[in-house]
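Each chain, letter by letter, is given below.
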Amino acid sequence: MSILVTGGAGYIGSHTVQALLDGGHNVIVVDNLTAGHIESIKQDQVKFYPCDIRDKETLSQIIQKHSVKAVIHFAASSLVGESMKDPAKYYDNNVYGTQCLLEAMALQQVKHIVFSSTAATYGNPTQVPIQETEPTMPTNTYGETKLTMERMMKWFEQAYGMTYVALRYFNAAGASENGAIGEDHTPETHLIPLVLQVALNQRKHISVFGNDYDTPDGTCIRDYIHVSDLADAHVKALQHLIAGGTSDVFNLGNGNGYSVLEIIEAARVVTGHSIHAQMETRREGDPAILIADASKAREHLKWIPQWTNIQHIIASAWKWHQANPRGYSSEHFKNKN
């Protein structure tokens with residue numbers, strides 16, 4: 001079966017592409033490489049197009065040429081801070097881009113889409129762990145655009161008979177078990193790779209934004225989910241739709257929360273390095289605790305995370321970052337592949 005993956009050269013997208021290949025699917029990747037890396041996908045095993053999803057005509061031609069039966073949609077801008085400074089970019093790339101994708105799918109009669117959404121759609125939750133019934137009240141432009149994309153899919157289903165699954169996940173982390181692909185963002189905003197940069201002597205310290213939250217050690221608590229488990233969830237969501245399952249929204253997470261200081265300490269154990277932490281003032285809009293209730297995905301998608309130990313998650317990331325200290329631009333990576 002031919003599956004189109006938008007944003008398939010990105011962090012979670014590339015891991016999902018590999019999971020699809022392992023499952024015997026024919027994979028077509030569309031990515032404008034603004035944030036993705038061509039080196040993260042096996043070009044001899046997938047058909048790659050350096051295309052922007054806002055190019056509806058080209059997108060439609062690609063879908064038709066490869067007889068695409070379903071789409072997994074990752075292509076989006078995803079930096080919270082940037083979204084607040086440049087909301088126009090986020091509405092253009094995320095919302096309008098998704099509109100173009102859905103229109104191309106409707107034109108070519110593609111009926112299934114799995115969407116990479118986010119826990120940012122909830123904003124500041126009223127209860128933790130967070131269930132899918134939690135009110136959606138985003139506190140930033142990024143979360144607002146993702147929620148708009150979800151709602152757009154609901155109306156496209158009503159008009160064109162498309163079915164969709166939106167996966168709202170929490171903090172993606174780690175790298176592939178074989179060390180082939182990992183996390184490389186510019187700028188990097190995720191805690192675990194930032195902490196590992198300190199261990200690699202690429203930065204002097206890790207900033208901890210706030211130590212006066214209502215948590216056991218005063219720092220924010222988050223739910224970390226391994227990227228390979230996220231990839232597996234996207235494949236299982238696709239299988240759910242193809243088997244005739246109804247459209248739905250699912251949380252993805254381990255259901256365990258770790259504070260910023262606990263992540264730093266776990267990284268010290270994994271790397272064997274002293275990692276200096278420097279306390280800073282709170283960042284505006286950071287909720288104290290975000291932990292997922294993913295029981296719905298476990299029940300309906302039969303999805304069970306395999307990476308539940310935070311040190312194992314960090315160790316997989318450390319393995320990749322050690323081998324590729326400059327990300328996909330490193331000479332080691334180029335020589336290895």
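Attention here is on the structure that accompanies the text. Just so it is clear, the structure is predicted and the values come from calculations on it, not from any experiment. (Residues numbered from 1 in each chain as written. Predicted model: local features only at pLDDT ≥ 70, side-chain atom pairs only at ≥ 80, totals over all residues. Heavy atoms only, no water.)

What follows is about the side chain of Thr 118. Its place among the elements puts Thr 118 in the loop between strand S5 (112-116) and helix H5 (141-160). Of the polar contacts made by the side chain of Thr 118, one reaches the backbone nitrogen of Ala 120; its length is 3.0 Å. Those residues in contact with Thr 118 that sit more than four places away from it in its chain are Tyr 142, Lys 146, Leu 167, Arg 168 and Tyr 169. (Helix = DSSP H or I, 4+ residues; strand = E, 2+ residues; numbered from the N terminus. Polar contact = N/O pair within 3.5 Å; in protein donor to acceptor, adjacent residues only side chain to side chain. Contact = heavy atoms within 4.5 Å.)

With that out of the way, let us pick up helix H2 (residues 56-65). Each full turn of the α-helix corresponds to 3.6 residues, which orients residues three or four apart in the same direction. Restricting attention to buried positions, one finds in H2 the residues Leu 59, Ser 60, Ile 62 and Ile 63. Looking down the long axis of H2, one finds its buried residues gathered within 160° of arc, a one-sided arrangement. In H2, the exposed positions that point more than 90 degrees away from the buried face belong to Glu 57, Gln 64 and Lys 65. With its phi angle positive at about 50°, Ser 67 sits one or two positions after the end of H2. (Buried < 20%, exposed > 50% of the residue type's maximum accessible area, 1.4 Å probe, protein only. Arc of directions from axis to C-beta.)

Closest axis-to-axis distance for the helix H8 (residues 260-271)/helix H10 (residues 310-323) pair is 9 Å, and the angle between their directions is 60°. Considered as vectors, H8 and H10 are oriented oblique to each other. Pair H8 / H10 crosses with right-handed handedness. Residues Ile 263, Ala 266, Ala 267, Val 269, Val 270 and Thr 271 of H8 touch H10, and the partners they reach there are Ile 310, Gln 311, Ile 314, Ala 315 and Trp 318. (Axes fitted to C-alpha atoms, helices over the stretch in contact; angles between N-to-C directions. Parallel < 35°, antiparallel > 145°, perpendicular 65-115°, else oblique. Left-handed = near helix turned anticlockwise from the far one by under 90°.)

This next bit is on the pattern of salt bridges. Under the criterion given, the structure shown has 10 salt bridges. For the salt bridge of Glu 103 with Lys 56, the shortest nitrogen-to-oxygen distance reads 2.4 Å. With a gap of 47 residues between them, Glu 103 in helix H4 (residues 87-107) and Lys 56 in helix H2 connect regions that are remote in the sequence. Look at Lys 56 and you get partly exposed, because its relative accessible area is 35%. A salt bridge links Arg 168 to Glu 150; the shortest N-O distance between them is 2.7 Å. Residue Arg 168 is located in strand S6 (residues 163-169), and its partner Glu 150 is located in helix H5; the two are separated by 18 residues in the primary sequence. Judged by its relative accessible area of 5%, Arg 168 is buried. Each of the salt bridges in this network shares a partner with another, and the network as a whole consists of Asp 52, Arg 54 and Asp 92. (Salt bridge = Lys/Arg side-chain N within 4 Å of Asp/Glu carboxyl O.)

So yeah, pure geometry; function would need other evidence.
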